[in-house]
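Topology and contacts: notes
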There are 2 protein chains.
Amino acid sequence: MADPPEHTAPDPNEEIMRATYRALRKHGYADLTIKRIAEEYGKSTAAIHYHYETKDDLLAAYLDYLLDQFVDTVRDIKTTDPEERMELLLDKLLVDPVDHQDMLIAMLEMRSQAPYKEAFCERFQQNDEYTRYMLKAVINHGIDEGIFENVDAEHAARALMIIVDGARTRTVVLDEEDALATARRTADEYVTAILSTEEAADGIE
Amino acid sequence: MADPPEHTAPDPNEEIMRATYRALRKHGYADLTIKRIAEEYGKSTAAIHYHYETKDDLLAAYLDYLLDQFVDTVRDIKTTDPEERMELLLDKLLVDPVDHQDMLIAMLEMRSQAPYKEAFCERFQQNDEYTRYMLKAVINHGIDEGIFENVDAEHAARALMIIVDGARTRTVVLDEEDALATARRTADEYVTAILSTEEAADGIE
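Residues numbered from 1 in each chain as written. Chains lettered and ligands numbered in written order. Predicted model: local features only at pLDDT ≥ 70, side-chain atom pairs only at ≥ 80, totals over all residues. Heavy atoms only, no water.

1. Here's the deal with the nonpolar core
- Core analysis: the largest hydrophobic core is formed by 68 residues, its most contacted members being A:Leu24, A:Met110, A:Phe124, B:Met110 and B:Phe124.
- Discounting chain neighbours no more than four positions away, the residues touching A:Phe124 are A:Leu63, A:Met107, A:Met110, A:Arg111, A:Ala114, B:Val173 and B:Leu174. (Core = buried A, V, L, I, M, F, W, Y, C linked by side-chain atoms within 4.5 Å. Buried < 20%, exposed > 50% of the residue type's maximum accessible area, 1.4 Å probe, protein only. Contact = heavy atoms within 4.5 Å.)

If you want it as structure tokens, here you go:
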């Protein structure tokens, strides 16, 4: 058996990721530098360059870290009831996202650079793929249980992600405070009207 | 009566806007300079600086120009039938947008700068307000005619714009070729399931 990791010493990578989070919120993406991240880290730039050569290398690692965090969040959803699970997934994506407004701003800057930076594009695609996979699993489970209509689960998952991404963009670009809440309501309408079989059941009564 | 404008000489502003369009597609937003726009314009940078002090002043004017173009496009929709008019509006927004992929890329870069540049944010808000106003007018007309359910028209217009913005973002960030087509299908599902009264009518039969 391998030795357990020492859990008394702080994980330097975790610390750097937290410093990156704070620096991104403060300075945005364009004005972010390794120096500014080092200031948040409380160590020299060399201490960061030891792990990451460039700002973009560090930020690609940060995007991996965000995906890990989201995976952990989804792991917390214990219910297997398709409708309840769908509700909780949409809440994670739209109601209580980890991101604050200033983080959403920095993320949209990074997202807009995806066409120029392959490492970013890859991470955004991986993140999206994972989220769509989780949504699709719930939809297919609901179809099997007769709770959801026999819809095209791949399309429905993409439709929901379009709503999520639209809300994130509008929050930043239009400074629209209720964009996430409007999107949550829209996603709910979509689930009720397109996925749920309840209405059909009501009609039969 | 005022003299009619001379329509034989090319409008310098129209020429500069077209040059800006070509330069944005070629270089994106971050790498755009007045010099590069002047190259497309075929004149000196001074000829542009005569009209616009900075690149961002010029781009704010360009966003006004885009809104004017969209207003012209909407003016071409002559039908007053709410369902048909809604279809055509959604087509303008999602099926045959003027923008090519490289233009969508440049636009997302500019959109991501809205929190830092008030002039951009204002234009994006104006553009969104106009589009939502047009959608809302169609929805309210449809409600009056009994073709649409008595929904919250303001919310429904925002829901449709979330879908539009989500598709534009995903096209760029994820390099997703069919994001606009998926969004068009989603918007259609929303209109049919949430707005149209037809299903209710079918139920009554």
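2. A closer look at the relation of the copies chain A and chain B
- Once chain A has been moved 0.0 Å along the axis and rotated by 180°, it coincides with chain B to within an RMSD of 0.0 Å. Both copies of the chain, as the preceding transformation shows, are related through a two-fold rotation axis. It is A:Gly166 whose C-alpha, among those of chain A, lies nearest the rotation axis, at 1.7 Å.
- Most of the interface of chain A is mirrored in chain B, where 100% of its interface residues again form contacts. (Least-squares fit on C-alpha atoms with pLDDT ≥ 70 in both.)

3. Observations concerning unusual backbone geometry
- Even without being a glycine, A:Asp175 presents a positive backbone phi close to 55°.
- Positionally, A:Asp175 belongs in the loop between α8 (153-173) and α9 (179-195). (Helix = DSSP H or I, 4+ residues; strand = E, 2+ residues; numbered from the N terminus.)

4. Points about the confidence of the model for chain A
Residues and elements named next belong to chain A.
- Per-chain confidence: chain A averages 90 in pLDDT, with 91% of residues scoring 70 or above.
- Looking at the elements of chain A, mean pLDDT is at its lowest for helix α10 (residues 198-204), recorded as 51, and at its highest for α8, recorded as 97.
- Per-residue pLDDT stays below 50 along residues 200-205; that stretch engages in one contact with residues further than four places along the chain or on separate chains.
- Predicted complex metrics record ipTM = 0.90 and pTM = 0.91. (pLDDT = per-residue confidence, 0-100.)

5. Looking at the pattern of salt bridges
- In total, this model carries 44 salt bridges over all chains according to the counting rule given.
- Residue A:Asp128 is joined to A:Arg132 by a salt bridge in which the shortest nitrogen-to-oxygen separation is 2.8 Å. With A:Asp128 and A:Arg132 both in helix α7 (residues 118-144), this residue pair falls four residues apart, about one helical turn. Each member of the pair, A:Asp128 as well as A:Arg132, is classed as buried.
- Residue A:Asp188 is joined to A:Arg184 by a salt bridge in which the shortest nitrogen-to-oxygen separation is 3.3 Å. Of this pair, A:Asp188 and A:Arg184 both sit in helix α9, separated by four residues, roughly a single helical turn.
- When salt bridges with common partners are traced through the structure, they connect A:Arg111, A:Asp128, A:Arg132, A:Lys136, A:Glu154, A:Arg158, A:Asp165, A:Arg168, B:Arg170 and B:Glu176 into a single cluster. (Salt bridge = Lys/Arg side-chain N within 4 Å of Asp/Glu carboxyl O.)

6. Here's the deal with the interface of chain A and chain B
- With 43 residues of chain A at the contact, the number on the chain B side is 43 residues.
- Around 3,500 Å² of area is buried between chain A and chain B when both sides are counted, 63% of it from carbon and sulfur atoms.
- A per-residue breakdown of the area chain A buries against chain B is headed by A:Ile162, A:Arg170 and A:Val173, which together make up 19% of the total.
- The interface formed by chain A and chain B contains eight salt bridges. (Buried area = accessible area lost by both parts, 1.4 Å probe.)

7. A short note on the packing of aromatic side chains
- All chains considered together, the criterion is met by six aromatic pairs over all chains.
- Ring centres 5.9 Å apart and planes at 35° place the aromatic pair A:Tyr62 and A:Tyr65 in the tilted group. In this pair, A:Tyr62 and A:Tyr65 are both assigned in helix α4 (residues 55-75), three residues apart and thus about one turn of the helix distant. Of the two residues examined, A:Tyr62 and A:Tyr65, each falls in the buried class.
- With a centroid separation of 6.0 Å and an interplanar angle of 75°, the aromatic rings of B:Tyr29 and B:Phe120 are classed as edge-to-face. Pair noted here: B:Tyr29 is in the loop between α1 (12-27) and α2 (34-41) and B:Phe120 is in helix α7 (residues 118-144), with a separation of 91 residues, a long-range link.
- Exposure remark for B:Tyr29: the relative accessible area of 8% places this residue in the buried category.
- For B:Phe120, a relative accessible area of 0% corresponds to the buried category. (Phe/Tyr/Trp six-rings, centres within 6.5 Å; stacked < 30°, edge-to-face > 60°.)

8. Description of the packing of helix α5 (residues 82-95) of chain A against α9(A)
Residue and element names in this part refer to chain A.
- In the contact formed by α5 and α9, the axes pass within 9 Å of each other and the chain directions differ by 155°. For the element pair α5 / α9, the angle class is roughly antiparallel. As α5 packs across α9, the resulting crossing turns out to be right-handed. Here α5 contributes Met86, Glu87, Leu90, Asp91, Leu94 and Val95 to the contact with α9, which in turn contributes Leu180, Ala183, Arg184, Ala187, Asp188, Val191 and Leu195.
- Taken together, the residues that form the contact of α5 with α9 break down as nine nonpolar, no polar and four charged. (Axes fitted to C-alpha atoms, helices over the stretch in contact; angles between N-to-C directions. Parallel < 35°, antiparallel > 145°, perpendicular 65-115°, else oblique. Left-handed = near helix turned anticlockwise from the far one by under 90°. Nonpolar A, V, L, I, M, F, W, Y, C, P; charged D, E, K, R; others polar.)

9. A few points about helix α6 (residues 101-112) of chain B
Residue and element names in this part refer to chain B.
- Given a rise of 1.5 Å per residue, twelve residues ought to cover 16 Å, and the 17 Å separating the end C-alpha atoms of α6 matches this to within 8%.
- Taken across its twelve residues, α6 has ten buried, putting it largely inside the fold.
- Those residues of α6 not exposed but buried are Met103, Leu104, Ile105, Ala106, Met107, Leu108, Glu109, Met110, Arg111 and Ser112. (Expected span 1.5 Å × (residues − 1).)

10. With respect to helix α9 (residues 179-195) of chain B
- The terminal C-alpha atoms of α9(B), which comprises 17 residues, lie 23 Å apart, in line with the 24 Å expected from a rise of 1.5 Å per residue.
- For α9(B), the buried fraction is high: twelve of the 17 residues fall into the buried class.
- On its buried face, α9(B) is in contact with α8 and α9 of chain A together with α5 (82-95), α7 and α8 (153-173) of chain B.

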